[in-house]
Amino acid sequence: MNRIATVATFAVALASVGSSPALFAQASPTPAAAAPAAAPKPEAIPAKIALISFEQAVFATNEGQKAINDLATKYQPQKTKIDAEAKEVDSLKQQLQSQPNLSDAEKANRVRTIDTKEKQLQRDGEDASAAYQQELQEIYGRIAQKVNGTLQTYASQNGFTLTLDVSGQQSNILQADTRTDITRAVIDAYNASSGVPAQPAASAPAGPAPRTAAPRTAPRTTTPRQ
């Protein structure tokens, strides 16, 4: 049985101050509007590019690791229950296969029992998995916003003009000098500012999973370019 291992923009309101008709009547004639200023001409600057595995960085921070550990602890009872249900279904199937001389009625009864328990197992697994993934997504979004702030500061302080997120499995980056990878540096910078202590070694995000489930991928995000 496979297991599932594992930002908001604010509208800016412009307040306008109304004027009374009397004030308009006393106002001097409005001068001709000035011509709009020319837009700044684009300027070529030396490029300094950095790479970051942003998704991995979020979960590798001390805060990310703590959140994963806490989430795993929260869902351990559900995982234990689902594991027990799966074990029971497997046991019933083995018993049925090992007793070929059962009557047709008894076989049909056992098949119905197995089918009922298997459907319950599937429902419990899917419900737990969906709830787990939802909370994992929320954790990721919350921490990712803060890590992105650290990334912006780090890139600015170190003169990077463009930062590329290479978290995806199908990244377009075919070759890069390892010195351009700032993932570890951003993680360390975030840990230093977050105040969250290092966590005990933790496994990859994992939670309750349905009996058949696709491998989990980290929630996708796009890191704002510099």
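You'll find the structure just up there.
Remember, it's a predicted structure, so these values are computed and weren't measured experimentally.

> Which parts of the structure should I look at to understand helix H3 (residues 62-97)?
In an α-helix there are 3.6 residues to a turn, and that puts residues three or four apart on one side. Given a rise of 1.5 Å per residue, 36 residues ought to cover 52 Å, and the 49 Å separating the end C-alpha atoms of H3 matches this to within 8%. If you look at H3, its biggest bend is around 45 degrees, right at Tyr-75, and the proline Pro-77 turns up within four residues after that.

> Quick question: what am I supposed to make of the packing of aromatic side chains here?
Aromatic rings in a pair are described by how distant their centres are and how their planes are angled relative to each other. Per the stated rule, a full pass over the model turns up three aromatic pairs. Where Tyr-75 meets Tyr-132, the ring centres are 5.5 Å apart and the plane angle is 85 degrees; that geometry is what we call edge-to-face. Of the two residues, Tyr-75 is situated in helix H3 and Tyr-132 in helix H4 (residues 104-157); the sequence distance between them amounts to 57 residues. Across the pair, exposure class does not vary: Tyr-75 and Tyr-132 are buried alike. With a centroid separation of 6.4 Å and an interplanar angle of 20 degrees, the aromatic rings of Tyr-154 and Phe-160 are classed as stacked. We classify Phe-160 as buried; its relative accessible area is 13%. Here the basic side chain of Lys-48 rests over the ring of Phe-160, its NZ or CZ set 4.7 Å away from the ring centre.

> Mind showing me how you'd approach the side chain of Gln-65 here?
One can find Gln-65 in helix H3. Classification of Gln-65 by relative accessible area gives buried; the value is 18%. Of note is the side chain of Gln-65, whose polar atom sits 2.7 Å from the backbone oxygen of Phe-59.

> How do you make sense of the nonpolar core when you look at a structure like this?
A general tendency of soluble globular proteins is for nonpolar side chains to be buried together. Phe-54, Val-58, Ile-143, Val-147 and Ile-182 are the most contacted members of the largest nonpolar core, which has 22 residues in total. Of all elements in the fold, only strand S1 (49-52), helix H2 (54-60), H3, H4 and helix H5 (183-194) reach the threshold of two or more residues within this core. Sorting elements by how many residues they give to this core places H4 first, with nine residues. Aside from chain neighbours lying at most four places away, what touches Ile-182 is Ala-50, Leu-51, Ile-52, Leu-151, Tyr-154, Phe-160 and Thr-163. In terms of nonpolar packing, the next biggest core, distinct from the first, is built from eight residues, Ala-86, Val-89, Leu-96 and Ala-128 among them.

> For this particular structure, what's the right way to read the packing of H4 against H5?
Any two packed helices are characterised by how steeply their axes cross, that is the angle between the axes, and by the distance between the axes. Close contact between H4 and H5 brings their axes to 9 Å; oriented N to C, the two are set at 110 degrees. Taken together, the axis directions place H4 and H5 in an arrangement best described as roughly perpendicular. Note on packing geometry: the crossing formed by H4 with H5 is right-handed. Residues Ile-143, Lys-146, Val-147, Thr-150, Leu-151 and Tyr-154 of H4 form the contact with H5, whose own contacting residues are Ala-185, Val-186, Ala-189, Tyr-190 and Ser-193. Its residues assigned to classes, the contact of H4 with H5 shows eight nonpolar, two polar and one charged.

> Help me understand H4 in this model?
For H4, which comprises 54 residues, the first-to-last C-alpha distance of 76 Å matches the rise-based estimate of 80 Å (1.5 Å per residue) to within 8%. Gly-159, located one to two residues past H4, shows a positive phi value of around 75 degrees.

> I tried to follow the side chain of Thr-61 on my own but got confused; where do I start?
Structurally, Thr-61 is set in the loop between H2 and H3. Here the side chain of Thr-61 touches Gly-64 through a polar contact of 2.9 Å, landing on its backbone nitrogen.

> Which parts of the structure should I look at to understand the environment of Ala-60?
You can see Ala-60 is positioned in helix H2. Residue class for Ala-60 comes out partly exposed when judged on its relative accessible area of 32%. Sequence separation of Ala-60 and Arg-184 is 124 residues, and the distance between their C-alpha atoms is 9.1 Å. Leave out the neighbours within four places in its chain, and Ala-60 touches Gln-65 and Ile-187.

> Got a minute to help me understand the pattern of salt bridges in this structure?
Where side chains of opposite charge bring their charged atoms close, a pairing between them can arise. Scanning all chains against the criterion turns up 13 salt bridges. Linking Arg-142 and Glu-63 is a salt bridge whose minimum nitrogen-to-oxygen distance equals 3.3 Å. In this pair, Arg-142 sits in helix H4 while Glu-63 sits in helix H3, placing the two residues 79 residues apart along the sequence. A salt bridge links Lys-146 to Glu-63, with the shortest nitrogen-to-oxygen separation between them at 2.8 Å. Remark: Glu-63 occurs in helix H3 and Lys-146 occurs in helix H4; sequence separation between them is 83 residues. Residue classification places Glu-63 among the buried positions, given a relative accessible area of 12%. Connected through shared salt-bridge partners, Glu-63, Arg-142 and Lys-146 make up one network.

How each quantity is defined
- Residues numbered from 1 in each chain as written.
- Predicted model: local features only at pLDDT ≥ 70, side-chain atom pairs only at ≥ 80, totals over all residues.
- Heavy atoms only, no water.
- Helix = DSSP H or I, 4+ residues; strand = E, 2+ residues; numbered from the N terminus.
- Expected span 1.5 Å × (residues − 1).
- Bend = angle between axes of the 7 residues up to and from the residue.
- Phe/Tyr/Trp six-rings, centres within 6.5 Å; stacked < 30°, edge-to-face > 60°.
- Buried < 20%, exposed > 50% of the residue type's maximum accessible area, 1.4 Å probe, protein only.
- Lys NZ or Arg CZ within 6 Å of the ring centre and 35° of its normal.
- Polar contact = N/O pair within 3.5 Å; in protein donor to acceptor, adjacent residues only side chain to side chain.
- Core = buried A, V, L, I, M, F, W, Y, C linked by side-chain atoms within 4.5 Å.
- Contact = heavy atoms within 4.5 Å.
- Axes fitted to C-alpha atoms, helices over the stretch in contact; angles between N-to-C directions.
- Parallel < 35°, antiparallel > 145°, perpendicular 65-115°, else oblique.
- Left-handed = near helix turned anticlockwise from the far one by under 90°.
- Nonpolar A, V, L, I, M, F, W, Y, C, P; charged D, E, K, R; others polar.
- Salt bridge = Lys/Arg side-chain N within 4 Å of Asp/Glu carboxyl O.

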